[in-house]
Amino acid sequence: MSTATKPKHIGRNISRIRELRGMKQEALAQAIGTNQQAISGIEGSETIDEAKLANIAEALGVTVEAIKSFSEENVFNYFNTFNESVTGSFITNNSCNFNPLDKVVELYERLVQAEKDKNEYLEKLLKGK
């Protein structure tokens, strides 16, 4: 029984990265100057020519190494780490730099003043008749 590790399926990695980028096979084909059937064939291949791989990596906006070492687990780890770093920073900082009660009082005072102004206006209208 062999304990050698199975080489990564480069075509499958290209397919997953393309899907994660929201790109269709036709769009990738157009970006590298080929057709959709060729992309389908590439995504079904375990190995790919280095020059073609570099061309695909550029079209996908990733490095060749990113395609070769791509794994679903790494994607989840990246997003979990990203979420944890964001959660601990500015997004969950719920402290106010003003007193909310002061804002409520200010709003109340403005409403009271508006009512007073309205009453004065109505009294002037009544006296004018």
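The structure this text deals with has already been given above.
Residues numbered from 1 in each chain as written. Predicted model: local features only at pLDDT ≥ 70, side-chain atom pairs only at ≥ 80, totals over all residues. Heavy atoms only, no water.

Caption draft 1: Region of interest: the overall build of the protein. Each helix and strand counted, the protein has 7 helices and 0 strands in total. The order of α-helices and β-strands along the protein, N terminus first, is α-α-α-α-α-α-α. Buried residues in the protein amount to 19% of all 129 residues. Counting only contacts in the protein whose residues sit at least 6 apart along the sequence, the fraction spanning at least 24 positions is 65%. Element-wise, carbon and sulfur atoms account for 55% of the exposed surface of the protein, whose accessible area totals about 10,200 Å². (Helix = DSSP H or I, 4+ residues; strand = E, 2+ residues; numbered from the N terminus. Buried < 20%, exposed > 50% of the residue type's maximum accessible area, 1.4 Å probe, protein only. Contact = heavy atoms within 4.5 Å. Areas by Shrake-Rupley, 256 points an atom, 1.4 Å probe, with all protein chains shown as cover.)

Caption draft 2: Layout of the nonpolar core. Ile-14, Leu-28, Ile-56, Leu-60 and Ile-67 are the most contacted members of the largest nonpolar core, which has 15 residues in total. At the level of elements, α1 (10-20), α2 (25-32), α3 (36-43) and α4 (50-60) are the ones that each hand at least two residues to this core. Sorting elements by how many residues they give to this core places α4 first, with 4 residues. Residues contacting Ile-67, with those up to four places away along its chain left out, are Ile-10, Asn-13, Ile-14, Ile-17, Leu-53, Ile-56, Ala-57, Leu-60 and Val-62. (Core = buried A, V, L, I, M, F, W, Y, C linked by side-chain atoms within 4.5 Å.)

Caption draft 3: Quick look at the pattern of salt bridges. A complete count under the given rule lists 5 salt bridges for this structure. Here Glu-19 makes a salt bridge to Arg-16, at a shortest N to O gap of 2.5 Å. In this pair, Glu-19 and Arg-16 both sit in helix α1, 3 residues apart, roughly one turn of the helix. We classify Arg-16 as partly exposed; its relative accessible area is 26%. A salt bridge links Lys-68 to Glu-50; the shortest N-O distance between them is 3.0 Å. Of this pair, Lys-68 sits in helix α5 (residues 64-68) while Glu-50 sits in helix α4, placing them 18 residues apart in sequence. (Salt bridge = Lys/Arg side-chain N within 4 Å of Asp/Glu carboxyl O.)

Caption draft 4: Quick look at α2. For α2, the set of buried residues is Gln-25, Leu-28, Ala-29 and Ile-32. Buried residues of α2, seen end-on, are gathered within an arc of 100° and therefore sit on one face of the element. Contact partners of the buried residues in α2: α1, α3 and α4. Immediately beyond the C-terminal end of α2, within one or two residues, lies Gly-33, with a positive phi of roughly 80°. (Arc of directions from axis to C-beta.)

Caption draft 5: Spotlight on the side chain of His-9. With respect to the secondary-structure elements, His-9 resides in the segment before α1. Accessibility expressed as a relative area gives 15% for His-9, which makes it buried. Within the structure, His-9 has its side chain in polar contact with the backbone nitrogen of Arg-12 (distance 2.9 Å). Those residues in contact with His-9 that sit more than four places away from it in its chain are Glu-43, Gly-44, Ser-45 and Glu-46. (Polar contact = N/O pair within 3.5 Å; in protein donor to acceptor, adjacent residues only side chain to side chain.)

Caption draft 6: A look at the side chain of Gln-25. Structurally, Gln-25 is set in helix α2. Residue class for Gln-25 comes out buried when judged on its relative accessible area of 16%. Polar side-chain contacts of Gln-25 include one of 2.8 Å to the side chain of Glu-43. Residues in contact with Gln-25, not counting those within four places in the same chain, are Arg-18, Gln-36, Ile-39, Ser-40 and Glu-43.

These values are about where atoms sit, not about what they do.
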